[in-house]
Amino acid sequence: MKIIKALDYNDMSIKAANIISEQIKIKANSVLGLATGSSPLQIYKHLIDWYKKGELDFSQITSFNLDEYYGLSKENRQSYHYYMYDNLFNHININNQNVHIPDGDNKNAEQECLNYEKAILDVGGIDLQLLGCGHNGHIGFNEPSDIFYPSTHLVKLADSTIQANKRFFESEDEVPKYSYTMGIKTIMHAKKIIMIVSGESKKEIVKRAFFEPITPQVPASVLQLHRNFTLIVDKAAFSLCENI
Ligand code: GLP
């Protein structure tokens, strides 16, 4: 595990955006694993900016998103589909046919999950996976559990996740209770993984995930085992780990 210490959210974002940009420059047809949430927003702004300046070309890029709320259509403003188009895809030259996000509208979970896994395998796997970290240590929507669930699956969201994500919805009742998510094996098979974490509110989970034993109760802790994993963490989120 490699740790890159950033000053703050902006510094973390530029450092992560640079790694993604390098990946695209080194391999024009890279397969990127992408994340949602507040953490990657500034990264996506940098990528759009560099695309507009002619420094980045997404025409051969393939993307797979980590997760999608079950039951939300693509048009729903709270869906991760909407988020990705709004915050990135509408502003770059990625080919829509190369964009993959689980279909929250597909009620046939078995079929949706198998198709998603197959689509990742068909393109030879993910070259670079971007991850955020939930306050409870979830990655994608792999919630704390007794096991590391391997492949893409339908998951019941933890109450703490519903609480954390209700800020994006009109009311708590509107937050979906289930989500599709890549599994732990799906994520761990990525050739490279970067995780971005910022802010005081994540300091406990950074310590538990990366300085304590690996456990499915803290899903992000499994990343300690990945052979090419980089944590990009700002001062506030790293504050409990400085002296370890
Ligand atoms: C969300 C997403 C995760 C994300 C995490 C942290 O629920 N499913 O992929 O990494 O929670 O979100 P944030 O960056 O807003 O703290």
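Figured I'd write up the structure that's included with this text. Remember, predicted model here, so these are calculated numbers, not experimental data.

Re the overall build of the chain
Within the chain one finds 8 helices and 10 strands. The globule rule puts the C-alpha radius of gyration for 244 residues at 18 Å, and the 17 Å found for the chain is close to it. Seen through its C-alpha atoms, the chain measures out along the principal axes to roughly 45 × 40 × 35 Å. A buried classification covers 51% of the 244 residues belonging to the chain. A fraction of 80% describes how many contacts in the chain between residues 6 or more apart in sequence connect residues 24 or more apart. When the 25 positive and 29 negative side-chain charges of the chain are each reduced to one mean point, those points stand 5 Å apart.

Some thoughts on the site of the ligand
Residues in contact with the ligand amount to 14 residues; listed here are only the nearest, Ser38, Ser39, Asp67, Asn165 and Lys202. The contact in question runs from an oxygen atom of the ligand to an N or O atom on the backbone of Ser38, over 2.8 Å. In this structure, an oxygen atom belonging to the ligand sits 2.7 Å away from a side-chain N or O atom of Lys202. Its free accessible area being 390 Å², the ligand has 94% of it covered by the protein chains. Taken together, the residues of the shell around the ligand sort by class into 3 nonpolar, 8 polar and 3 charged.

Some points on the nonpolar core
By size, the foremost hydrophobic cluster in this structure holds 64 residues, and its most contacted members are Phe89, Met195 and Leu223. Those residues within four positions of Phe89 in sequence are excluded, and the remaining contacts are Leu34, Ser63, Asn65, Met84, Ile94, Val99 and Ile101. The next biggest cluster of nonpolar side chains, apart from the first, holds 9 residues, and it includes Tyr80, Leu157, Ile162 and Phe169.

Some details on the sheet that holds strand E4 (residues 67-69)
If you trace the 3 strands from one edge of the open sheet to the other, you get E4-E8-E7, paired in antiparallel fashion. Single-partner strands in this sheet number two, and they are E4 and strand E7 (153-156). Within this sheet the neighbouring strands show an average axis-to-axis angle of 30 degrees, counted without direction. Note that E4 and strand E8 (residues 178-181) share 3 bridges and pair antiparallel. What sits directly across from Glu68, in E8, is Tyr180.

Reading the values: rules and limits
Residues numbered from 1 in each chain as written. Predicted model: local features only at pLDDT ≥ 70, side-chain atom pairs only at ≥ 80, totals over all residues. Heavy atoms only, no water. Helix = DSSP H or I, 4+ residues; strand = E, 2+ residues; numbered from the N terminus. Rg over C-alpha atoms; globule rule 2.2 N^0.38 Å. Buried < 20%, exposed > 50% of the residue type's maximum accessible area, 1.4 Å probe, protein only. Contact = heavy atoms within 4.5 Å. Lys, Arg positive; Asp, Glu negative; His and termini not counted. Charge placed at Lys NZ, Arg CZ, Asp CG, Glu CD. Near = heavy atom within 4 Å. Polar contact = N/O pair within 3.5 Å; in protein donor to acceptor, adjacent residues only side chain to side chain. Areas by Shrake-Rupley, 256 points an atom, 1.4 Å probe, with all protein chains shown as cover. Nonpolar A, V, L, I, M, F, W, Y, C, P; charged D, E, K, R; others polar. Core = buried A, V, L, I, M, F, W, Y, C linked by side-chain atoms within 4.5 Å. Pairing = 2+ DSSP bridges. Axes fitted to C-alpha atoms, helices over the stretch in contact; angles between N-to-C directions.

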